[in-house]
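Architecture at a glance
Read off the chains here:
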Amino acid sequence: MLSIGVLVSGGGTNLQAVIDALNSGKITNARIEVVISNNKNAYALERARNNDIEALCISPKDFDDRSHFNQALINKLDEYNLDLIVLAGCMVVLPAELIQKYRNRIINIHPSLIPSFCGKGYYGLHVHEEVLARGVRITGATVHFVDEGTDTGPIILQKAVEVKYDDTPEILQKRVMEQAEWQIMPEAIDLIANGRISVEDGKVKIAD
Ligand code: GAR
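Rules and cut-offs
Residue positions are counted from 1 within each chain, in the order its sequence is given. Totals for whole chains, interfaces and linings use all residues, but because this is a predicted model, local features are given only for residues with pLDDT of at least 70 and pairs of side-chain atoms are given and counted only at 80 or more. Excluding hydrogens and water, the side-chain figures rest on all heavy atoms present in the structure. To qualify as a helix, a DSSP run of H or I must reach at least 4 residues; to qualify as a strand, a run of E must reach at least 2; elements of each kind are numbered from the N terminus. In this treatment the radius of gyration is a C-alpha quantity, and the globule benchmark scales as 2.2 Å times the residue count to the 0.38 power. Only heavy atoms matter for contacts: two residues are in contact if any of them lie within 4.5 Å across the pair. Reported accessibility uses the Shrake-Rupley method at a 1.4 Å probe radius. Residues are deemed covered only where the shown protein chains occlude them. Residues counted as positive are Lys and Arg, residues counted as negative are Asp and Glu, and His and the chain ends are not counted. For charged residues, the charge sits on one atom: NZ in Lys, CZ in Arg, CG in Asp, CD in Glu. Here a pair means two rings of Phe, Tyr or Trp (six-membered ring of Trp) with centres within 6.5 Å. Their orientation is stacked below 30 degrees between planes, edge-to-face above 60, and tilted elsewhere. Exposed residues in this analysis have more than 50% of their type's maximum accessible area, buried residues have under 20%, and partly exposed residues fall in between, with area computed by a 1.4 Å probe over protein chains only. Every definition here rests on a 1 Å grid over the protein atoms only: cavities are sets of points where a 1.4 Å probe fits but cannot get out, pockets are open sets enclosed by protein on both sides within 12 Å along at least five of seven lines, and lining residues have some atom within 4 Å of a point. Grid points are joined across faces, edges and corners, and a volume is the space filled by probe spheres set on the points. Classes in brief: Ala, Val, Leu, Ile, Met, Phe, Trp, Tyr, Cys and Pro nonpolar; Asp, Glu, Lys and Arg charged; the others, Gly included, polar.

1. Section: the overall build of the protein
In terms of helices and strands, the protein carries six helices and nine strands. Against the compact-globule benchmark of 17 Å for 208 residues, the protein has a radius of gyration of 16 Å, which places it among compact chains. Summarising its shape, the C-alpha atoms of the protein cover approximately 50 × 45 × 35 Å along the three principal directions. By sequence separation, contacts in the protein at least 24 residues apart represent 63% of the contacts at least 6 residues apart. When the accessible surface of the protein is totalled, it reaches about 10,500 Å², and 47% of it is carbon and sulfur. Within the protein, one finds 21 positive and 28 negative side-chain charges whose respective centroids are separated by 2 Å.

Here it is in structure tokens:
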């Protein structure tokens, strides 16, 4: 059974998609042990509690400096003996020590087709604003392993989504979530939970 910790910052619709997939059996061999938010008002925490999942807040604001926050986050995650850390709309820059410790055991969902519209400064609604500003016709979402770079780790799954002429950033964001994010995030977790993902030479191989 894959033990999962989920890091969130906001609404938690990706977390909800994972919870729903666990409940419906779309994800097998996995269990969410804990949901941690850097923001105590994140609705994602409510979603976890509504499903009897332990939910807690570790905020940089409650520590004198970043290194103390980083250590507290690592210590808390270590307590759960996690096999996988899922970043589901997590807007915190993770400490390098955590990334090293959980190499190829941290995954992130990004709202574009990496390597387009990713890297520093590209997150949330801003990604979709940039997509619309460039007149791009196809966008999508990517689930990838987290390495020391920003959105540079091995890509696990991607799904394309059409951009429409009259889209606003909000409309496009909703379509990307519905048609891509909420599908590929649970799918990636199920593949990992069932031992079908390996990383070779920085690239992901999916076993049949
Ligand atoms: C999602 O669209 C996710 O792809 C994005 O934040 C949103 C969180 O929504 N993540 C990033 O931009 C990371 N670079 P949610 O809290 O409803 O899942």
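After presenting the structure, the write-up continues.
2. Structural notes on the packing of aromatic side chains
Inspection of every chain in the model, using the stated rule, returns two aromatic pairs. Their ring planes at 65° and their centres at 6.1 Å tell us that F63 and F69 sit as a pair that is edge-to-face. When its relative accessible area of 28% is taken as the criterion, F63 is described as partly exposed. With a centroid separation of 6.4 Å and an interplanar angle of 70°, the aromatic rings of F117 and Y122 are classed as edge-to-face. Here F117 falls in the buried class, since its relative accessible area comes to 16%.

3. Some details on the layout of surface pockets
Size it by volume and the largest pocket reaches roughly 860 Å³. Around the largest pocket sit 39 residues that line it, and C90, M91, N108, Y123 and D151 are the ones nearest its centre. Put simply, the parts of the chain that give the lining of the largest pocket at least two residues each are α1 (13–24), β5 (106–110), β6 (138–145) and α6 (169–193). As for the second largest pocket, its lining consists of 13 residues, and the residues nearest its centre are A17, A21, K26, W182 and P186. Elements that contribute at least two residues to the lining of the second largest pocket include exactly α1 and α6. Per-class residue counts for the lining of the second largest pocket are five nonpolar, four polar and four charged.

Just geometry here; none of it tells us what the structure is for.
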